Amino acid sequence: MSADGAEVRVLVVEDDPVAADAHALYVGRVPGFTAVAAVHSLAEATRVLDRTRVDLLLLDLGLPDGNGLRFARGLRAAGHPVDVIVVTSARDLAVVRESVSLGVVQYVLKPFAFPTLRERLLRYADFRATAGEAVGQDDVDRALAALRPPRPAELPKGLSAPTLDRVAALLRSAPEGLTAAGAAEAAGISRITARRYLEHLVDTGRADRTPRYGQVGRPELHYRWLAAAGSASNV
């Protein structure tokens, strides 16, 4: 929510219609934020910006009619006050540096799940709520720190980050989902261990599980990555 108590109005700019709708849905689930529109090109984004107030762009970089960063640079040159969160698959650190130079407030890698975007939006809201004059350097540091992501949470005992990355990558690449047995075979770990990692992904909002019944009538849990909208998490 903005300093004056009004909701932060977000424009989603994403060329994949499914991803755009999902990101707009995510935005609407975060208190204090509302998605004013989800558009699929820079031309559409320009039309929305011309006719309505937008506080924040959720901006993809590879749009069909141009580059998102060049678009952001043009907005800055024109004095447009909108803030920008880049949402992209681009992992080139030169692109990240260019984004920082343009005042981009967050850089989120696709694919991602809802908790990742929620955390970034809430941090942006904290930053946006800072007002008044800094008494000293500590006040400035605190304002800027609001945009920095927290240190990664510790994994449950017995889980390791490299194995979690491997299991998550396997699940992302399996559109039909995986069983614990399937994940175990592909990752080279035991079925019980694979299930612990899969359950952790469920608990952290990055996957879901559904029972499926086989020929013998006993249900088997199938796990599916929740980022079908061109979106996934930073694991």
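Residues numbered from 1 in each chain as written. Predicted model: local features only at pLDDT ≥ 70, side-chain atom pairs only at ≥ 80, totals over all residues. Heavy atoms only, no water.

## Digging into the sheet that holds strand β1 (residues 8-13)
Piece 1. Pairing in this open sheet of 5 strands is parallel, and the strands run β2-β1-β3-β6-β7 from one edge to the other. Edge positions in the open sheet fall to β2 (33-39) and β7 (106-109), since each of these has one partner strand only. Here the average twist between neighbouring strands, direction ignored, is 20°.
Piece 2. Where strand β3 (residues 56-59) and strand β6 (residues 83-88) come together, 4 bridges link them in parallel fashion. Across the sheet, Leu59 pairs through a bridge with Val86, a residue of β6.
Piece 3. Running at roughly 170° to β2, helix α1 (residues 17-28) makes contact with β1, β2, β3 and β6 of the sheet.
Piece 4. Across the face of the sheet, helix α5 (residues 114-129) comes into contact with β1, β2, β3, β6 and β7 while running at roughly 180° to β7. (Pairing = 2+ DSSP bridges. Helix = DSSP H or I, 4+ residues; strand = E, 2+ residues; numbered from the N terminus. Axes fitted to C-alpha atoms, helices over the stretch in contact; angles between N-to-C directions. Contact = heavy atoms within 4.5 Å.)

## Re the pairing of β6
Piece 1. Among the 6 residues of β6, 6 are classified as buried, and the element is accordingly described as predominantly covered.
Piece 2. Residues Asp83, Ile85 and Val87 line one face of β6 and the alternating positions Val84, Val86 and Thr88 line the opposite face, and both faces are buried.
Piece 3. Where β6 lies against β7, 4 bridges are found, and the strand directions are parallel. Bridging across to β7, Val86 finds its partner in Tyr107.
Piece 4. Crossover handedness for the path β6 to helix α4 (residues 93-101) to β7: right-handed. (Buried < 20%, exposed > 50% of the residue type's maximum accessible area, 1.4 Å probe, protein only. Right-handed = clockwise from strand over helix to strand, strands pointing away.)

## Quick word on the packing of aromatic side chains
Piece 1. Summed over all chains, the structure comprises 2 aromatic pairs.
Piece 2. Relative to Phe112, the ring of Tyr26 has its centre 6.3 Å away and its plane inclined at 55°; by these criteria the two rings are tilted. Here Tyr26 is found in helix α1, whereas its partner Phe112 is found in the loop between β7 and α5, with 86 residues between them in sequence. We note that Tyr26, like Phe112, is buried.
Piece 3. Ring geometry for Tyr26 and Phe114: centres 5.6 Å apart, planes at 55°, overall tilted. Remark: Phe114 occurs in helix α5 and Tyr26 occurs in helix α1; sequence separation between them is 88 residues.
Piece 4. Members of the aromatic cluster, each reached through a chain of ring pairs, are Tyr26, Phe112 and Phe114.
Piece 5. The aromatic ring of Phe114 is capped on one face by Arg29, whose charged end is 3.8 Å from the ring centroid.
Piece 6. Here the guanidinium or amino end of Arg172 rests over the ring plane of Trp225, the centre of that ring lying 5.2 Å away. (Phe/Tyr/Trp six-rings, centres within 6.5 Å; stacked < 30°, edge-to-face > 60°. Lys NZ or Arg CZ within 6 Å of the ring centre and 35° of its normal.)

## Here we look at helix α3 (residues 68-77)
Piece 1. Residues of α3 that are buried: Gly68, Leu69, Phe71, Ala72 and Leu75. For α3, the arc enclosing every buried residue in end-on projection is 155°, short of the 170-degree limit, so these residues lie on one face. Seen from the open side of α3, the exposed residues pointing more than 90 degrees away from its buried face are Arg70 and Ala77.
Piece 2. Residues of α3 that are buried in the fold lie against α2 (42-51), β3, β4 (62-63), β5 (66-67), β6 and α4.
Piece 3. Looking one or two residues beyond α3, the residue adopting positive phi is Gly79, at roughly 80°. (Arc of directions from axis to C-beta.)

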